[in-house]
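# Observations on chain architecture
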Amino acid sequence: MITHNLGYPRIGINRDLKKVVERYWNGEIDKRTLDESVSSLKVMHWTTQKNAGIDMVPSNDFSLYDQVLDTAMLVGAVPERYKKIFQEEDDKIYSYPIDTYFAMARGLQDEDHDIAAMEMTKWFNTNYHYIVPEFTPDQEFQCLSSKIFDEYEEAKSVGVITKPVLIGPVSFLLLGKEKDAPDDFHRLDLLDKLLPVYQNILSKLQSMGVEWVQIEEPFLGLDIDEDTEIAFQQAYQKLGEECSELKLLLTTYFEGLEDNIGLAGKLPVDGLHVDLVEAPDQLGTIIDHLDEGISLSLGVIDGRNIWKTNLEKAAESIQQAAEQLGNDKIMIAPSCSLLHCPVDLERETDETALPAEVKRWMAFANQKLDELTLLKNYASDSFSEEEQQLFKEHQADISDKGKSELVHNNSVQQRMQSLDDEMLKRDHPYNERKEQQEEHLNVPGLFPTTTIGSFPQTSEVRKWRSDFRKGKISKKEYEERIEGAIDELINRQEEIGLDLLVHGEFERNDMVEYFGEHFAGFAFTRHGWVQSYGTRGVKPPIIYGDVHRPEPVTVRWSSYAQSQTDKPVKGMLTGPVTILQWSFVRDDQSREETAKQIALAIRDEVEDLEEAGIQAIQIDEPAFREGLPLRRKNWDPYLKWAVDAFRLASTVVKDCTQIHTHMCYSEFNDIIEHIARLDADVISMETSRSQMELLEAFVEFDYPNEIGPGVYDIHSPRVPSTSEIISLLEKAADVLDSSQLWVNPDCGLKTRGWEETVPSLKNMVAAAKQMREKQ
Ligand code: GLN
Ligand code: ZN
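Residues numbered from 1 in each chain as written. Chains lettered and ligands numbered in written order. Predicted model: local features only at pLDDT ≥ 70, side-chain atom pairs only at ≥ 80, totals over all residues.

Right, let's get into the overall build of the protein. Check the secondary structure of the protein and you find 28 helices and 23 strands. Over its C-alpha trace the protein gives a radius of gyration of 27 Å, about what one expects of a compact globule, namely 28 Å for 775 residues. Overall size of the protein, expressed as C-alpha extent along the three principal axes, is 75 × 60 × 50 Å. Within the protein, the proportion of its 775 residues that are buried is 49%. Put simply, 79% of the contacts in the protein that link residues at least 6 apart link residues at least 24 apart. (Helix = DSSP H or I, 4+ residues; strand = E, 2+ residues; numbered from the N terminus. Rg over C-alpha atoms; globule rule 2.2 N^0.38 Å. Buried ≥ 20, exposed ≤ 12 C-beta atoms within 10 Å, placed from the backbone. Contact = placed C-beta atoms within 7 Å.)

Right, dumping it as C-alpha cells:
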C-alpha cells in the first residue's frame, strides 16, 4: 500500500508565492530572481511532503498562476492576440515564456500593448478560479513548455522522485471554450489534434524514467454526454498504446463517478483515483467495475475542508478495498489536491481567533499528510507504540468534538426543530406589498436610484479598523470615526441625489468575515490563506458549532445612518448561502442545516433592523449560484433549501418593509424560477458588462418583482457617461416594465476611489432623472 498526494498548496507558508510574483510584476526583481525564489519554494514543498512520509509526492502541481493556464502553455494553446508578446520574449530562463503567460492571465497594457486577459472562472464547485483556455476551429497544438519535465528533474535533483501531474486531454478541452467558431464546432473536435502532443509528453516522461503520471479527468465526476464518453475512450486508447512502461493514474475528484463508472473502470490505465469523501458510497461499485490489475487510489482524507479525518472510518474503507484487491493494488491519498486547504495549522497560535479546543479538531495540509502516513501504518499493521498513542489521541479529539459544548447549543437545536413553513412566507404576495412599500419608503415610483452597499474603503478607514483591533484606539474613538465616515457619506449621497441611501459598510473588512465575527459558532485563522486565483488569496472563516446571534450586529450602524437623514437608509446583510459558501463548514451536519442556522441568525438581525425603523433591508447572496452541485440531479434539493434559507432569513418583515437582494455576475437562465421563489422585492445584479444580456432570463420568465440591473462596471475606474447609462436603461426598459426597474451600479464600491465614484454616481442619478422625464 502506498501513500500519495494529489497536489500541495503552492502559496507558501508566508504567502511567499504572492510576494515574489507581485514583485516580478512590479519590476522589482528579474526573471532569474523569480525563478530562484520559486525553486526554493518548490523544493521546500517536496521535502516537506517527503519528510511527512508520503511515498509518492506530486510535481508539476505547482504553478506561477494557475494549473489550467500551465496546461494551455504546455500544449501551445496560446491565443492569437498574445503571439506578438510571445515572439518578443526571448530570454529562456524559465521553462516557458512567462511574460506571455502572465499576459494571458492578466492582460497587458503599456505603451506598446493593449491586450485583454483570458477569462477566468470557478474551478468546479470550489472557490479557486482558473483561466479558461480558448479554442478556435483552426487551433494547432505543440509543446511549448518544459515545466512538467523540468520540475520532475528538479525534484529528483534534491532526492525526491515524483509523480508528475497533468490535466487530461478531455478535461482540458472541456474546461475551455470555443472562440471565433461556427455553431457546429465543438472543442472536443480538437481531440485528434491534441492527442499527439499528449503522446509526446507521455513518451518523454517515460523516457525520463517516470513511473506514475497523475492524469486528471475531473469531468468523469460530472454528467457527460455520449460524445464525451467516446472522446474518453479514444483518448485513453491512444495514450495507453503509447507508453507501456509509464503508469497512468486516472484521477477524479469532487464527485462520485456514478454512471461513468463503467466507462472509467474500462479505460486502459493503470490506476484510478476516486473521491471517497464526497462520495463514500461508491467504493463497492467501483471495486466491482475495476478491470483486473488496476490500482485503486482511495481519496479518504478531505482535501477541501479543515477537519481531522476519522481515521477509524477511513481505515474501514481501506480494509474493504484491500480485502478485494490486495494491499499492493491500493493507494491512499487526500480526496483532491490540497490546494484548497491552508498550509499549516501549527502557525495558528492566536487563541482569540481560534480557540485551542477547536484547533484540536482541525488539520491543514501538513497535518493531513501526517494523517495519511498514520493511516497507512495503521492499515498495514506496522504500528509503533508512539503511533498507537497518536492514533488514540487523534480519535479522542474527534469524539470530543462530537460531544463538545462549543459545538452544540440547545436553544439553536430547539429553534431548528420548530421551523415551519409559515416562517418562510411574507404576509402577502409581492403585488400587494409593492404599493405599501412605495408609500412607506417614499422613493420615486420610476427608476429609483440606490447603491449596492459599500463605498470606497480608503487606507484611512482600513487603518481605523486595524488600530482598533490592535487596541491602539479605544472602542469609543473607533466608533466615533466610523460615525464620522457615515455622516460624510450620508451628506455625499444626498448631494449626489440618490434615493435609497446606505451607510457604506466602513466597519467591515469582508462581507462574510464580519458576520462570522459577530455570530457564535465561528472561528478564524491568522494565516489560513487559500489561493483564490493567481496571487489572490482568501482566509475563510471556520464554522465549527451551532450558529446564533448573541446580539445585534449592524443595527447600531444602520440606525445611526438613518438618524442623520430624512431619506430612507437600506440595512445591509450577507445571506446564509453566501456565508456558508465562503466558509469552511462543519462536516458533522448537512450544509442545509448549517445554512438554516445562519438564516435564523440573520432573521433575528432583520427583525431588529425593522424594529429600529429601517424600511429597506438588503441581503446579499452573490454566492447563491455557485452553491449549485456539480451534478444536475442534485440541483433541485439544493435550490429548495437554499431558497428556503433565504426566505427564512428575510420573510419575517412586515409587507411595507422592502427586502432587497444582490447577486454578482451570474447566469440566471436555468435557475430563474428559483430566483423568483426568493421573493425578494428587489434584486440587483451585475449586468453592465454583458450589455443587459443577463436580463433575458427575467424577461422570458416574466419575472414579477423589481430588478436593479447594474448600469456601470465597478471593476474599472472609468467614469461612465450619462448617455451611456441611459442607453443601458433604455435597453432594460425595452424588455421590462419601467415600474420594475431600479438604477444602481453593478456591485459594491469598496475597491473604488472617491474621485471616480462621485462623478459616476452623479451621472447615474442624472440618467435616472432623464429616464423618468421620458416616461
Ligand atoms: N454589499 C456588498 C458591497 O457592496 C456586496 C458585495 C458583493 O456583492 N460581493 O460590498
Ligand atoms: Zn456584487
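Still more ground to cover, so stick around.
In this structure, Val213, Leu298 and Ile318 are the most contacted members of the largest nonpolar core, which totals 219 residues. Setting aside residues no more than four positions away along its own chain, Leu298 makes contact with Val274, Leu276, Ser317, Ile318, Ala321, Ile330, Met331, Ile332 and Ala333. (Core = buried A, V, L, I, M, F, W, Y, C linked by C-beta atoms within 7 Å.)

The pairing of strands in a sheet comes from backbone hydrogen bonds and takes either a parallel or an antiparallel form. Taken in spatial order, the 8 strands make up an open sheet running S1-S14-S13-S12-S11-S10-S8-S2, and their pairing is parallel. On the outer flanks of this sheet lie strand S1 (2–3) and strand S2 (57–59), each paired with one strand and no other. Where strand S13 (residues 295–301) lies against strand S14 (residues 330–334), 5 bridges are found, and the strand directions are parallel. If you follow Ser297 over to S14, its bridge partner there is Met331. Contacts from helix H12 (residues 311–325) reach S13 and S14, with the element oriented near 175 degrees to S13. (Pairing = 2+ DSSP bridges. Axes fitted to C-alpha atoms, helices over the stretch in contact; angles between N-to-C directions.)

On to the environment of Val43. Structurally, Val43 can be placed in helix H2 (residues 31–51). Among the residues examined, Val43 registers 16 C-beta atoms within 10 Å and is labelled partly exposed. In the structure, Val43 is positioned 189 residues away from Phe232 in sequence and 34 Å away in space, judged by C-alpha atoms.

A few words on the site of ligand 1. Taken together, 13 residues lie around ligand 1, and Ile452, Gly453, Ser454, Pro622 and Gly748 are the ones closest in. Each residue belonging to the shell around ligand 1 can be placed in one class, and the counts come to 6 nonpolar, 4 polar and 3 charged. (Near = placed C-beta within 6 Å. Nonpolar A, V, L, I, M, F, W, Y, C, P; charged D, E, K, R; others polar.)

Bringing helix H19 (residues 475–496) into the picture now. Between its terminal C-alpha atoms H19 stretches 31 Å, which fits the 32 Å expected from 22 residues at 1.5 Å a residue. Packed against the buried residues of H19 are helix H18 (459–469), helix H21 (555–563) and helix H28 (754–774). Backbone geometry just after H19 places Gly497 at a positive phi near 95 degrees. (Expected span 1.5 Å × (residues − 1).)

Right, let's talk about unusual backbone geometry for a bit. Positive phi values are uncommon outside glycine, yet Phe447 reaches one of about 45 degrees. Even without glycine at this site, Glu505 takes up a positive phi of about 60 degrees. Note that Glu505 resides in the loop between H19 and helix H20 (513–518). Assessed through the 23 C-beta atoms surrounding it within 10 Å, Glu505 is described here as buried.

Let us now look at the packing of helix H27 (residues 722–735) against H28. The geometry of a pair of packed helices is captured by two quantities: the angle between their axes and the separation between those axes. One way to put it is that H27 packs onto H28 with a least axis distance of 8 Å and a crossing angle of 50 degrees. In terms of axis orientation, H27 runs oblique to H28. Like other packed secondary-structure pairs, H27 and H28 cross with a definite hand, here right-handed. Facing H27, whose interface residues are Thr722, Ile725, Ile726 and Leu729, H28 presents Asn763, Met764, Ala766, Ala767, Gln770 and Met771. Looking at the contact of H27 with H28 residue by residue, the classes come out as 7 nonpolar, 3 polar and no charged. (Parallel < 35°, antiparallel > 145°, perpendicular 65-115°, else oblique. Left-handed = near helix turned anticlockwise from the far one by under 90°.)

A separate point is the sheet that holds strand S22 (residues 682–685). Read across the open sheet, the 5 strands follow the order S19-S20-S21-S22-S23; overall the sheet is parallel. Edge positions in the sheet fall to strand S19 (570–574) and strand S23 (706–709), since each has one partner strand and no second. The sheet shows a mean angle of 20 degrees between the axes of neighbouring strands, direction not considered.

In this section: helix H14 (residues 365–379). Taking 1.5 Å of rise per residue, 15 residues should cover 21 Å, and H14 covers 21 Å from first to last C-alpha, within 8% of that figure. Summarising burial for H14: 11 of the 15 residues are buried, a large majority. Taken together, the buried positions of H14 are Ala365, Asn366, Gln367, Lys368, Leu369, Glu371, Leu372, Leu374, Leu375, Lys376 and Ala379. Its buried side turned inward, H14 meets S1, H2, S13, H12, S14 and helix H15 (385–403). Where H14 terminates, the next one or two residues include Asp381, which has phi positive at roughly 60 degrees.

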